[in-house]
Amino acid sequence: MPEEEGKVLSGNEVSKEIRESLKRRVADLHKKLPNFRPGLAIVQVGGREDSNVYIRMKMKAATEIGISAEHIQFPKTITETELLAKIEHLNMDSKYHGIIVQMPLDSVNKIDSHLITDSVSPDKDVDGLNTINEGKIAVGDLSGFLPCTPNGVVELIKKTGTQIAGKEVVVLGRSRIVGTPAAELLKWNNGTVTVCHSKTQNLKDITARADILVVAIGQPEMVKGDWVKKGAVVIDCGINAVPDATKKVGQKLVGDVDFEECKKVASFITPVPGGVGPMTVAMLMANTVQSAEAFAELLMKTHWPMTFLPLKYQSPIPSDIDISRAHEHKNISILTHEVGLLAGEVSLYGHKKAKISLNVLDRMKEHDVGKYVVVAGITPTPLGEGKSTTLIGLAQALMAHKTRNTIATMRQPSQGPTFGIKGGAAGGGYSQVIPMEDFNLHLTGDIHAVTAANNLLAAQLDARIFHEATQADQALYDRLVPTSHGVRKFSAIQLRRLQRLGIEKTDPNTLTVEEIAKFARLNIDPTRVVWQRVMDINDRYLRKITIGQSPTEKNFTRTESFSISVASEIMAILALATSLEDMKQRLAKMVVAFSRTGVPITADDLGMTGALMVLMKDAIEPTMMQTLEGTPVLIHAGPFANIAHGCNSILADKIALKLVGKDGFVVTEAGFGSDIGMEKFFDIKCRASGIKPDAVVLVATVRALKMHGGGPAVVPGLPLKDEYTQENLKLVEQGLCNLVKHIDNGKKFGLPVVVSINVHKDDTAAEHEIIKKAAMEAGAFACVVSNHWAEGGKGALDLADALIDACNQPSDFKFLYDLDLTIEEKINKIAKEMYGAGTVDFAAKVREAMRLYTEKGYSKLPICMAKTAASLTGDPNIKGAPTGFRIFVNDIFLSAGAGFIVPMVGEISRMPGLPTRPAIFDIDLCTETGEILGLF
């Protein structure tokens, strides 16, 4: 009776089963995330045909499974540095869940293949060749990507039904790709493993003892039948081409094992081809699907696995900067990972702060958004009533104590207040953003980018006035459209101007004399320039200056005024833009002056749009920092609240709303009281963003209500009068009218209003009770006492609970006015309903401007009232909540790019000045430690 031969262990059959299983897993992913598809990048250098064959196999297998595979081929001339950069781009691209580099690298340049495989992110290294993944296997951590061929070997052995545990296993070969990792995997499957190689003595004797023999030596048919133990499992990983005259191509493929001899003694044996090869491809696909599943799990994660930082309470409570210094922050890369951001979506600025890419919005476009809450306030004292502190305390309470995904979104503070009187804007006490020095000084340079862009536009504007005044039409045209290297053409931005002028020509040499004059001359009226230069410091001597006094400017002087940088329209555009393209369109539409015939002159007319975009391209990304308790904060944009709309950016809010998910919260802030900041937040920001808010948190203090009740003036830098440091129920009662008015303002927008009484050390329980009673009678959803300044998130737990309940109520959000109303009607609506005014009067020049804006098509823009924040009226000295008063609009200007019209009520300074004793006197740098001193 003939001796029974070993069973042929077909890799084709086993790999087919694996691929069918993977296909089902991909289909399951698609059910959960309809727009999601696993992605694989196959990188090739050069074009070797043997490599092309393998790549086609992988592409075919990926397509059958449902993986989106992309063959990325680079020329032979690519350098090592260039290839590393290309792979880094792939590492950062979220559409690729796996990256493999096809070996060998067919390059004319010397490239370290080990360095290249190590450059593939361990999280995308589906070949399992990164040293980190190899190291994990060496120590028995099999949670990462297992190398494809060795993993295929193990799967084939398991398919035979053979138990690896306790078996004598011999691995012939110690290569990095097959032999060594195969031995490690078999060892951690509890086999007793011996590794043999070219220096091993008595090789035949060792292999003949093996219950399982894995061969990967690279020598054709080296292992003969007498090398194999009777009944052993033989896995042949080799593939070699040997001459064969019977074949059309003159050669055939064989393994490292003599198949015909060894199958007579083995119980199972793999053929070549058709054995380990198909398994390698199958396991590559399995790793890719595993990576995609991990990524999909991240996308579907509804609760952040966040670590919180304990507060280190001190008594008495020290200064803000001392509290900030006493707390160690998390590395910002940890925080960005915790909230679900990918490495490619984060640009680290050291370990304290990071820019967040707008690509997050594309990746998460199908995700639900969280609850959207705005923190506003009653009419404040000059000291401020703690909106920022409340914002941070509330965010800490929601995230660190209630474990609800929460992001606080804030404006970036100007350096003006930081070095002036008010100080920083990072919150305070145990509810602040850290490090507060980074937050208050420079941050990631966005305000400096706004300053540079604003002033470049101003420079171009004045230069154009000068050049038009000193040149004839043809000379001006020849300089605007010069001939370069024998070619004369319009730039893209000049072609846009031609289209606006109705000149349908693209050849500069074909314009008529009249068309040349029309194109080249903006004819700017120097007395009607509305664009101002800016600086991010308080400087009273820049409020009115004369420019152009140098002899080189040929007596073309004019009066100019500087604004503080956060009052720039570019800052407002940064805050209101919904994308890069939207920002570009808004910048292009900015009106910087009017011509002598009343035509609006835009930034695009001056050829500035592209240059402005280049200066602002990084500034459009929000910055992530953290609170004292380690919860996330997004900081972005800082438009002036009494000139512009006073809110952080739409983009920061949109990113935050996607990140927190449908059960999370985004808590943001509106500048000053509800009459100014909150109204603009709703009627300007929410109108531009399309986001519907869910609730209002209204911050009130005993101190502010006493002031509105007739208390003495609150003066920064001077001690508070006794009325503010001792219980005075009468003053509180008399000032409640201001609180009631602000509650009513919030309710006008159809939202629940939660009043937060921000505790100060001299408050009494009786004073708080009066406020709570009045708030509830006025229709507030809730009124709670919050001690977050002294206790952090713990002190705002009642506020957090009240807000959660409020956000569970049905929302009936609505705007205050319709855009189809006239400019005058919209101003009247705001003044009468938000402020309590009886009449609104307009200066003659304002009426003329409103007529012009309407004629030029700007009448349907929303209104951004510029008014004192110190009173509901236009007079900062009038407190409480008067009604029936007169509002006088003395000036008006257009912010066409930002998309609003700004009526001026009273004299509103766009450039603050320094006081007699600014904070400058207390700010210093310790030269020994590098620490900043004196910030508050």
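All values reported here derive from a predicted model rather than from experimental measurement.

A. Structural detail: the overall build of the chain. A count of helices and strands for the chain gives 33 helices and 37 strands. In terms of overall dimensions, the chain has a C-alpha envelope of 115 × 80 × 55 Å along the principal axes. Evaluated residue by residue, the chain yields a buried proportion of 56% over its 936 residues. Within the chain, residue pairs in contact and separated by at least 24 positions form 74% of the contacts whose partners lie at least 6 positions apart. Carbon together with sulfur atoms contributes 53% to the accessible area of the chain, which is approximately 38,900 Å² in total. Taking the average place of the 105 positive charges on the side chains of the chain and the average place of its 108 negative ones, the gap between the two points comes to 3 Å.

B. Representation of the nonpolar core within the structure. In this structure, Phe682, Leu739, Val755 and Tyr853 are the most contacted members of the largest nonpolar core, which totals 144 residues. Apart from residues lying up to four places away in sequence, Val755 is in contact with Leu698, Ala700, Leu739, Ile743, Ala775, Ala780, Ala782, Cys783 and Val784. Counting residues in hydrophobic clusters, the runner-up holds 46 residues, among them Leu146, Val171, Leu185 and Val281.

C. Examining the packing of helix H1 (residues 11-32) against helix H10 (residues 276-300) more closely. Direction vectors running N to C along H1 and H10 enclose 15 degrees, while the axes themselves pass 9 Å from each other. With respect to each other, H1 and H10 are oriented roughly parallel. Of the two possible hands of crossing, H1 and H10 adopt the one that is left-handed. Residues Gly11, Asn12, Val14, Ser15, Ile18, Leu22, Arg25, Val26, Leu29 and Lys32 of H1 pack against Pro278, Met279, Ala282, Met283, Met285, Ala286, Val289, Gln290, Ala292, Glu293, Ala296 and Met300 of H10. In terms of residue class, the contact of H1 with H10 is built from 15 nonpolar, 4 polar and 3 charged.

D. Geometry of the pairing of strand S3 (residues 68-74). When strand S2 (residues 39-45) meets S3, the two strands line up parallel, connected through 7 bridges. Opposite Leu40, over in S3, you have Ala69 as the bridge partner. Note that the unit made of S2, helix H2 (residues 49-65) and S3 has a crossover that is right-handed.

E. Quick peek at the sheet that holds strand S25 (residues 591-595). Ordered by their spatial adjacency, 3 strands build an open sheet running S20-S25-S26, and the pairing between neighbours is antiparallel. Each of the sheet's edge strands pairs with one partner strand only, and the pair in question is strand S20 (524-529) and strand S26 (600-602). Neighbour to neighbour, the strand axes of the sheet diverge by 50 degrees on average, direction disregarded. Both S20 and S25 contribute to a ladder of 2 bridges, which runs antiparallel. The partner of Val529 across the bridge, within S25, is Ala593. Packing against the sheet, helix H17 (residues 446-470) makes contact with S20 and S25, and its axis sits at approximately 135 degrees to S20.

F. Layout of the pattern of salt bridges. Within this structure, the stated rule accounts for 54 salt bridges. For Asp473, the salt bridge identified is with Arg521, shortest N-O distance 2.4 Å. Taken together, the positions of Asp473 in helix H18 (residues 473-480) and Arg521 in the loop between helix H20 (513-520) and S20 put the pair 48 residues apart, joining distant regions of the chain. For the salt bridge of Arg847 with Glu824, the shortest nitrogen-to-oxygen distance reads 2.9 Å. Residue Arg847 is found in helix H33 (residues 844-855), and its partner Glu824 is found in helix H32 (residues 823-835); the two are separated by 23 residues along the sequence.

G. Region of the structure containing the state of the cysteines. Going through the model one piece at a time under the given rule, you end up with 0 disulfides. Between Cys196, a free cysteine, and Cys237, which holds the nearest cysteine sulfur, the sulfur-to-sulfur gap is 14 Å. Summary of cysteine pairing: Cys647 is not part of a disulfide, and the nearest cysteine sulfur, belonging to Cys686, is at 7.9 Å.

H. View of the pairing of strand S29 (residues 665-669). The element S29 is extensively covered by neighbouring structure, given that 5 of its 5 residues are classed as buried. Judged from the 4 bridges that link them, strand S15 (residues 406-410) and S29 form a sheet pairing that is parallel. Within the sheet, the bridge partner assigned to Ala408 lies in S29 and is Val667.

I. Highlighting the side chain of Asp438. Along the polypeptide, Asp438 turns up in helix H16 (residues 436-440). Engagement of the side chain of Asp438 in a polar contact is seen with the side chain of Lys353, the distance being 2.7 Å.

J. View of the environment of Gly218. Its place among the elements puts Gly218 in the loop between strand S7 (212-215) and strand S8 (233-236). For Gly218, a relative accessible area of 45% gives the class partly exposed. For Gly218, the residues in contact, after removing those within four places along its chain, are Asn240 and Asp256.

K. Highlighting the packing of aromatic side chains. Using the criterion set out here, one finds 10 aromatic pairs in the structure. Ring centres of Phe682 and Phe813 lie 5.4 Å apart, and the angle between their planes is 55 degrees; on these two criteria the pair is classed as tilted. Placement of the pair is Phe682 in helix H25 (residues 674-689) and Phe813 in the loop between helix H31 (797-807) and H32, with a sequence separation of 131 residues. Members of the aromatic cluster, each reached through a chain of ring pairs, are Tyr372, Phe681, Phe682, Phe749, Phe813 and Phe815. Above the face of the Phe815 ring, Arg687 is positioned so that its terminal group lies 4.2 Å from the ring centre.

L. Geometry of a nonpolar patch on the surface. Together, Val53, Tyr54, Met57, Ile239 and Leu253 give the surface a local cluster of nonpolar side chains, amounting to about 430 Å² of exposed area. Here the element with the most residues in the nonpolar patch is H2; it accounts for 3 residues. For Val53, the position within the fold is in helix H2. We classify Val53 as partly exposed; its relative accessible area is 37%.

M. Highlighting helix H5 (residues 131-138). Measuring from the backbone nitrogen of Ile132 back to the side-chain oxygen at the start of H5 gives 2.8 Å, which picks out Asn130 as the cap. In the stretch just after H5, Gly140 is the one whose phi turns positive, near 85 degrees.

N. Layout of the sheet that holds strand S33 (residues 837-842). If you trace the 3 strands from one edge of the open sheet to the other, you get S33-S34-S35, paired in mixed fashion. Two strands bound the open sheet, and with one partner strand each, they are S33 and strand S35 (900-905). Within the sheet, the average angular offset between the axes of one strand and its neighbour, ignoring direction, is 45 degrees.

O. Seen up close, the packing of helix H14 (residues 387-401) against H31. Following both chains from N to C, one finds H14 and H31 inclined at 80 degrees, their axes separated by 9 Å at the closest point. Between H14 and H31, the angle is such that the two are roughly perpendicular. In this structure, H14 uses Thr390, Leu394, Ala397, Leu398 and His401 to contact H31, whose residues at the interface are Leu797, Leu799, Ala800, Leu803 and Ile804. Across the contact of H14 with H31, the residue classes tally to 8 nonpolar, 2 polar and no charged.

P. Inspection of the side chain of Asn828 at higher detail. Mapped onto the secondary structure, Asn828 falls in helix H32. Among residues more than four places away in sequence, those in contact with Asn828 are Val840 and Phe842.

Q. Geometry of unusual backbone geometry. Cis rather than trans, the peptide bond between Met103 and Pro104 has omega equal to 0 degrees. Checked against the element boundaries, Pro104 lands in the loop between strand S4 (98-101) and helix H4 (113-119). Here the bond from Val272 into Pro273 is cis, since omega is 0 degrees, no more than 30 degrees from zero. Structurally, Pro273 is set in the loop between strand S11 (268-269) and H10. Here Asn523, not a glycine, exhibits a phi torsion of approximately 55 degrees, which is positive. Relative to the assigned elements, Asn523 resides in the loop between H20 and S20. For Asn523, a relative accessible area of 32% puts it in the partly exposed group.

R. Spotlight on the environment of Asp211. Residue position: Asp211 is located in the loop between helix H8 (203-207) and S7. Asp211 sits in the partly exposed class, given a relative accessible area of 21%. Note: C-alpha distance between Asp211 and Val228 (17 residues apart in sequence) is 8.8 Å. In this structure Asp211 touches Lys167, Glu168, Lys229, Ala232 and Val233, once residues within four positions along its chain are discounted.

S. Here's a closer look at the environment of Thr609. Residue placement: Thr609 occurs in helix H23 (residues 609-616). Using a relative accessible area of 1% as the deciding quantity, one classes Thr609 as buried. Measuring from C-alpha to C-alpha, the distance between Thr609 and Leu698 comes to 39 Å, with 89 residues separating the pair along the chain. Sequence-distant contacts of Thr609, defined by excluding residues within four places in its chain, comprise Ile493, Arg496, Lys584, Ala588, Ala603 and Asp604.

Cut-offs applied
Residues numbered from 1 in each chain as written. Predicted model: local features only at pLDDT ≥ 70, side-chain atom pairs only at ≥ 80, totals over all residues. Heavy atoms only, no water. Helix = DSSP H or I, 4+ residues; strand = E, 2+ residues; numbered from the N terminus. Buried < 20%, exposed > 50% of the residue type's maximum accessible area, 1.4 Å probe, protein only. Contact = heavy atoms within 4.5 Å. Areas by Shrake-Rupley, 256 points an atom, 1.4 Å probe, with all protein chains shown as cover. Lys, Arg positive; Asp, Glu negative; His and termini not counted. Charge placed at Lys NZ, Arg CZ, Asp CG, Glu CD. Core = buried A, V, L, I, M, F, W, Y, C linked by side-chain atoms within 4.5 Å. Axes fitted to C-alpha atoms, helices over the stretch in contact; angles between N-to-C directions. Parallel < 35°, antiparallel > 145°, perpendicular 65-115°, else oblique. Left-handed = near helix turned anticlockwise from the far one by under 90°. Nonpolar A, V, L, I, M, F, W, Y, C, P; charged D, E, K, R; others polar. Pairing = 2+ DSSP bridges. Right-handed = clockwise from strand over helix to strand, strands pointing away. Salt bridge = Lys/Arg side-chain N within 4 Å of Asp/Glu carboxyl O. Disulfide = S-S within 2.5 Å. Polar contact = N/O pair within 3.5 Å; in protein donor to acceptor, adjacent residues only side chain to side chain. Phe/Tyr/Trp six-rings, centres within 6.5 Å; stacked < 30°, edge-to-face > 60°. Lys NZ or Arg CZ within 6 Å of the ring centre and 35° of its normal. Patch = residues over 30% accessible without salt bridge, like charges linked within 9 Å, V, L, I, M, F, W, Y side chains within 5 Å.

Shape is all these values report; function is a separate question.
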